[in-house]
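The lines below spell out each chain.
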Amino acid sequence: MSERMLSLTLHVWRQPDARSTGKLVTYKLKDVSTHASFLEMLDILNEQLIEQAEEPVAFDHDCREGICGTCSLMINGRAHGGQKATTTCQLHMRLFNDGDEIWIEPWRASAFPVIKDLCVDRTAFDRVISAGGYISSNCGSAPDANDLLVPKASADLAMDAAACIGCGACVAACPNGSAMLFVAAKLAHLHHLPQGQPERLYRTQAMVTAMDAAGFGNCSNHYECEAACPKDISRDVIAMLNRDYAKSAFCYREPSTKGEGSG
Amino acid sequence: MTLHLDARVPSGPIEQKWSKAKFELRLVNPANKRKYKVIVVGSGLAGGAAAATLAELGYDVACFCFQDTPRRAHSIAAQGGINAAKNYQNDGDSIHRLFYDTVKGGDFRAREANVHRLAEVSVDIIDQCAAMGVPFAREYGGTLANRSFGGAQVSRTFYARGQTGQQLLLGVYSALTRQIGFGKVKMFSRSEMLDVVIENGRAVGIVTRDLITGAIESHAAHAVILATGGYSNVFYLSTNAKGCNVTATYRAYKRGAGFANPCFTQIHPTCIPVSGDFQSKLTLMSESLRNDGRVWVPKTTTDVTKHPDKISDEDRDYYLERKYPSFGNLSPRDIASRAAKEQCDDGRGIGPGGRGVYLDFRDAIKRNGEAQVREKYGNLFDMYERITGENPYRLPMRIYPAVHYTMGGLWVDYNLQTTIPGLFCLGEANFSDHGANRLGASALMQGLADGYFIVSYAIGHYLAGLSSSPGAKDLASPTGSAFTTVETEVKGRLDRLMSIPGKHSVDSFHKELGQILWEGCGMARSKQSLQDALKKIPEVRERFWRDATVLGGRDSFNQSLEKAGRVADYFEFAELMCKDALVREESCGGHFRTEHQVDGEAKRDDDKFCHAAVWEYAGDTSDAIRHVEPLVFENVKLATRSYK
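Note that residues are indexed from 1 along each chain, following the sequence as it is written. Each chain is given a letter, starting from A, and each ligand a number, starting from 1, according to the order in which they appear as written. Under the rules for a predicted model, residues below a pLDDT of 70 receive no local features and side-chain atom pairs below 80 are neither given nor counted, while totals for whole chains, interfaces and linings still include all residues.

Asks: Can you break down the overall build of chain A residue by residue, with the values?
Replies: The number of helices and strands found in chain A is 8 helices and 7 strands. Along the first, second and third principal axes, the C-alpha atoms of chain A reach 65 × 45 × 35 Å. Working definition of burial: number of other C-beta atoms within 10 Å of the residue's own, with buried at 20 or more, exposed at 12 or fewer, and partly exposed in between, all C-beta atoms being placed from the backbone. Looking at chain A residue by residue over its 263 residues, the buried ones come to 52%. The helix and strand labels rest on DSSP assignments: H or I over at least four residues marks a helix, E over at least two residues marks a strand, and numbering proceeds from the N terminus.

Written out as structure tokens, the structure is:
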């Protein structure tokens, strides 16, 4: 594809730290190649700012190949910029036109407080996973891997859900700031597999409780999460969560010893 | 001070060494384990697995990572798979064959005993990961599926679509967060280790910077484990994540840990070519693509600008199939990379600047249909299209080699302990298992082997030997002089970075360094190119310390400062790399010295260089002292590698 050069007007959210109030600051940028990624465009902006002795814009990023889940950004009001199944780091400037104005903001959710500029704190996700997003199987205790047969269809469904990168786009896109897609994806990954069955009801209860405690909102079926998900995770996982949650409300009993299985 | 390089390999036949070690290594009583504190730096496959496993055993663990959550460690980016000698395919695999392939693939520059142990525990890794819910690919009958990878003639690679590293890391992360939830692991995210603390010759803790507040903190422990990955980013452009760095291992080196084979770097043959000078990283296309993709360039230089569809089969040079008929497109990485470079140097490269070759799926699509190709590689094809804007189902992919992995790292003995007692090193950060070239799908295997199945024995042995009464009395005081001295040095270094008086970005100097290294110490090296690099590096380094600028504050969130610290270490480390490459007057694996070749193939010099080179810090980088650990091959006969 042939290369074009773009001139852009950027409106970027600047906020010195969690306690200060932030604001949108406007920058002009010239000669951005259409082969550059969106984050490379921000690199170019930062180079320009540094040369002018202005502090560069802070933004989270790491692998820049769409798998680590570090990058974020609301771009023109859309999480990850709105290209289907694409993270911000994989978004390329060929989708933009010369003269475009672009609004760049951090994830907006009360469970994800801003750290600086475009960086937010997503440790609430870790707290939800540590409440039950695992199979209790201490190292060394596993049977031969082929002793447990997993139907291909189940493995594929588990993998579809396991593709979640924990970026938080689902929360940022949701009008309620709900983490249902994230939590349900983890549950669906484990519950499509036979290994996940023994702890199924406990896990559902524990993770939903942790999700509420972390300050995420409720799901009211807007499905903005599914539209924003860079890994194309289906809202079907939410239905699975709801079914299990209802079941666990009736059937789940606390184990007799707290911390059972911790070794 | 001189390095003590005792590899502590158990005696006896190679098949029995690990069993013997497991019996001979001392144990810590279950009730005493909680009295010992262990620090793990890094939360990837090696570090995360080590932290989780040690906590399961009962140790008091603290784990550190610079990312915002442990789930983002760079292990996540591995695509293709993980090797294990399960022989589920009944195609002739065995522990001995995986051992043999790895030693040979590493061009006889790895330690036999470590590699054999790796092959032994590989089978347990798959069991453990499956039990933890890693959604490996399955056959219709429900058994695990396998695929082939470079450097092997058996099908032993387990995979989860093109996201195997992600799925294995999420397994590790779930085990780790489970222990965090139980209060057995204290997790420090967005926290970067800036130095290791030594007291009475033992590692007793680390000094870190809280990346949100900028606070410098001391953490004491009975043992410290570094699992901080590789240093490919010294080249600026590599397939590594932007945050990957050498700081932890380089700081340990400066405190007395030997650094082995820094010049052993791996160039991966199938990456998306560079598209402009704004380029911030290179993206790898999994080696598994070479199972079905055929690599070619036009036979004549006049065809390079033609549309690939207009070039008929007889005008295409499938050079890997031509040069290496038995391994063909699945030749090992170093060989496939150099072959691509040769074609491009010959003027037959395609795409921008003539730095690219085709990876073509036309025949696979014709044979198996687009649907099957999509099922196997769909996510990789989508990624390629997003980055390049070209559809690989219609047009062949354009690929070119890029820096990808570093085999060199901190020297460790059989128990994964560095030359500093109490300081252990796992995964890509150590040097031990891959010699001069790593085979595909072996990095995940090593990370998990070290973290899940090996380091727990080594740590127990070390801690049990500390004293007769376990616990607090061996724990150094984080307010003692050993820590305060290091803290003062760390703060001094940060202040120095903050006060560089120039006006140019840190990245601009990093790019310059990368260019020098790529030319001088990249895919092909010569005495001349290395001497040139060794002359240029100090010049650019000096300019960095004069003309760069780090804006923002020391005591707050500051990504420029993080970057500057890492790049400052790269500037010193780059010199060590070139020096190591200059002394190693032979070609082996990824280290290709143009003076040492036969018909374009690497020519080893086993008489002079059948050893690991271990560098000891002695003041300035230029004064580093080279030691050797001789490598003895008793089970795989030293031979010239042949993939023909």
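Asks: How would you explain the overall build of chain B if you had to name every residue and give the values?
Replies: On a plain count of helices and strands, chain B comes out with 17 helices and 21 strands. All radius of gyration figures rest on C-alpha atoms, and the globule criterion is 2.2 Å times the number of residues raised to 0.38. A compact globule built from 644 residues would reach a C-alpha radius of gyration of about 26 Å, and chain B, at 24 Å, matches this within 12%. Overall size of chain B, expressed as C-alpha extent along the three principal axes, is 75 × 60 × 50 Å. The long-range fraction of contacts in chain B, counting pairs at least 24 apart against all pairs at least 6 apart in sequence, stands at 74%. Here, residue contact means that the backbone-derived C-beta atoms of the two residues sit within 7 Å.

Asks: Quick one: what's the story with the environment of Gly347 of chain B, residue by residue and with numbers?
Replies: Residues and elements named next belong to chain B. Its place among the elements puts Gly347 in the loop between α9 (333–345) and β14 (357–360). Owing to 13 C-beta atoms within 10 Å, Gly347 belongs among the partly exposed residues under this scheme. Distance in space between the C-alpha atoms of Gly347 and Thr301 is 5.8 Å, their sequence separation being 46 residues. Other than its neighbours up to four places away in sequence, Gly347 contacts Thr301 and Gly354.

Asks: Help me get a handle on the domain arrangement of chain B, residues and values and all.
Replies: All names here are of chain B. What the domain assignment lists for chain B is domain 1 (14–81 + 102–137 + 158–266 + 405–474), domain 2 (270–403) and domain 3 (495–610). Spacing between the C-alpha centres of domain 1 and domain 2 amounts to 34 Å. Opposite the 18 residues of domain 1 that make contact, domain 2 presents 19 residues. Note that Gly is not counted as nonpolar here; it falls among the polar residues with everything else outside the nonpolar set of Ala, Val, Leu, Ile, Met, Phe, Trp, Tyr, Cys and Pro and the charged set of Asp, Glu, Lys and Arg. Per-class residue counts for the side of domain 1 that touches domain 2 are 3 nonpolar, 13 polar and 2 charged. For every domain, the bounds stem from an assignment made automatically or drawn from a database.

Asks: Describe the interface of chain B and chain A, and please don't skip the residues or the numbers.
Replies: Taken together, the contacts link 66 residues of chain B with 71 residues of chain A. Listed by contribution, the elements that provide at least two residues to the side of chain B that touches chain A are α3 (45–57), α5 (112–131), α6 (164–181), α11 (370–388) and α16 (559–583) of chain B. Taken together, the residues that form the side of chain B that touches chain A break down as 24 nonpolar, 28 polar and 14 charged.

Asks: Give me the lowdown on the domain arrangement of chain A, citing residues and values where you can.
Replies: In terms of domains, chain A is made up of domain 1 (5–116) and domain 2 (123–251). Partitioning the side of domain 1 of chain A that touches domain 2 of chain A into residue classes produces 9 nonpolar, 7 polar and 1 charged.

Asks: Can you explain helix α13 (residues 481–498) of chain B? Please cite residues and give values.
Replies: Think of an α-helix as 3.6 residues a turn; residues three or four steps apart then line up on the same face. Residues and elements named next belong to chain B. Given the number of residues in a helix, its expected span is that number minus one, multiplied by 1.5 Å. Taking 1.5 Å of rise per residue, the 18 residues of α13 would be expected to cover 26 Å, and the 25 Å separating its terminal C-alpha atoms lies within 8% of that figure. Listed as buried for α13 are Phe483, Val486, Val490, Leu494 and Leu497. One side of α13 holds all its buried residues, which, seen down the axis, span an arc of 75°. Exposed side of α13, more than 90 degrees from the buried face: Ser481, Thr485, Thr488, Gly492 and Asp495 are the residues found there. Against β6 (191–199), β7 (202–210), β8 (216–220) and α16 lie the buried residues of α13. Directions from the helix axis toward the C-beta atoms define the arc.

Asks: Which residues make up the sheet that holds strand β20 (residues 611–616) of chain B, and what are the values?
Replies: Residues and elements named next belong to chain B. At least two DSSP bridges between two strands are required for those strands to pair. Strands sit in the order β16-β10-β20-β21 across an open sheet of 4 strands; the sheet is antiparallel. Among the strands making up the open sheet, the edge pair consists of β16 (409–410) and β21 (625–630). Bridge count for strand β10 (residues 259–260) against β16 is 2 bridges, and the pairing is antiparallel. Counterpart to Ala260 in the pairing with β16 is Gly409. A fitted line through C-alpha atoms represents every axis, and for helices the fit uses only the stretch in contact; the resulting angles, taken between N-to-C directions, go from 0 to 180 degrees. Across the sheet, α16 lies against β10, β20 and β21, angled at about 140° from β20, the strand it touches most.

Asks: Describe the pairing of strand β2 (residues 60–64) of chain B, listing the residues and the values that go with them.
Replies: Residue and element names in this part refer to chain B. For β2, the tally of buried residues reaches 4 of 5 residues, placing the bulk of the element in the interior. Two strands pair when backbone bridges link them, and strand β1 (residues 37–41) and β2 are joined in this way by 5 bridges, in the parallel orientation. Looking across to β2, one finds that Val41 is bridged to Phe64. The crossover handedness rule: strands pointing away from the viewer, path from first strand over the helix to second strand clockwise, crossover right-handed. Regarding topology, α3 serves as the crossover connection from β1 to the parallel β2, and that connection is right-handed. Across 4 bridges, β2 lies against strand β5 (residues 185–188) in parallel orientation. Bridging from a neighbouring strand, Phe64 pairs with Phe188 of β5.

Asks: How would you summarise the environment of Ala574 of chain B if you had to cite specific residues and measurements?
Replies: Residue and element names in this part refer to chain B. Note on placement: Ala574 falls in helix α16. Owing to 29 C-beta atoms within 10 Å, Ala574 belongs among the buried residues under this scheme. Remark: the alpha-carbon pair of Ala574 and Leu176, spanning 398 residues in sequence, is separated by 34 Å. Aside from chain neighbours lying at most four places away, what touches Ala574 is Val234, Leu513, Leu517 and Ile537.

Asks: Mind laying out the sheet that holds strand β11 (residues 265–271) of chain B, listing which residues take part and the relevant values?
Replies: All names here are of chain B. What the 5 strands build is an open sheet, ordered β11-β15-β14-β12-β13; its pairing is antiparallel. Edge positions in the sheet fall to β11 and β13 (316–317), since each of these pairs with one other strand and no more. Pairing of β14 with strand β15 (residues 397–406) involves 3 bridges; the strand directions are antiparallel. When the bridges of β15 are listed, Leu359 appears paired with Met397. Contacting β11, β12 (294–298), β14 and β15, α9 crosses the sheet at an angle of about 65° to β11.

Asks: Go over the packing of helix α3 (residues 152–162) of chain A against helix α5 (residues 180–191) of chain A with me, naming the residues and quoting the values.
Replies: All names here are of chain A. Between α3 and α5, whose axes approach to 8 Å, the crossing angle comes to 155°. Accordingly, the angle class assigned to the pair α3 and α5 is roughly antiparallel. Crossing angle aside, the handedness with which α3 passes α5 is left-handed. From α3, Ala158, Ala161 and Ala162 reach across to α5, where they touch Ala185, Ala188 and His189. By definition in this entry, angles of less than 35 degrees are roughly parallel, angles greater than 145 are roughly antiparallel, angles of 65 to 115 are roughly perpendicular, and the rest are oblique. With the far helix as reference, a near helix turned anticlockwise by less than a right angle produces a left-handed crossing, and one turned clockwise produces a right-handed crossing.

Asks: Account for helix α4 (residues 95–105) of chain B, naming residues and giving values.
Replies: All names here are of chain B. Burial analysis of α4 places 8 of its 11 residues in the buried class, the great majority of the element. Those residues of α4 that fall on the buried side of the exposure criterion are Ile95, Leu98, Phe99, Asp101, Thr102, Val103, Lys104 and Gly105. Residues of α4 that are buried in the fold lie against β3 (82–83) and α5.

Asks: Report on unusual backbone geometry, specifying residues and quantitative values.
Replies: Even without being glycine, Ala53 of chain A reaches a positive phi, approximately 60°. Even without a glycine there, the phi angle at Asn87 of chain B is positive, about 55°. For Asn87 of chain B, the location among the structural elements is in the loop between β3 and α4.

Asks: Describe the packing of α5 of chain A against helix α8 (residues 236–251) of chain A, listing the residues and the values that go with them.
Replies: All names here are of chain A. Here α5 crosses α8 at 75°, and the two axes come no closer than 8 Å. When the axes of α5 and α8 are compared, the pair comes out roughly perpendicular. Contacts between α5 and α8 involve Met180, Leu181, Val183, Ala184, Ala185, Leu187, Ala188 and His191 from the first element and Val237, Ile238, Met240, Leu241 and Asp244 from the second. Class assignment of the residues belonging to the contact of α5 with α8 gives a composition of 11 nonpolar, 1 polar and 1 charged.

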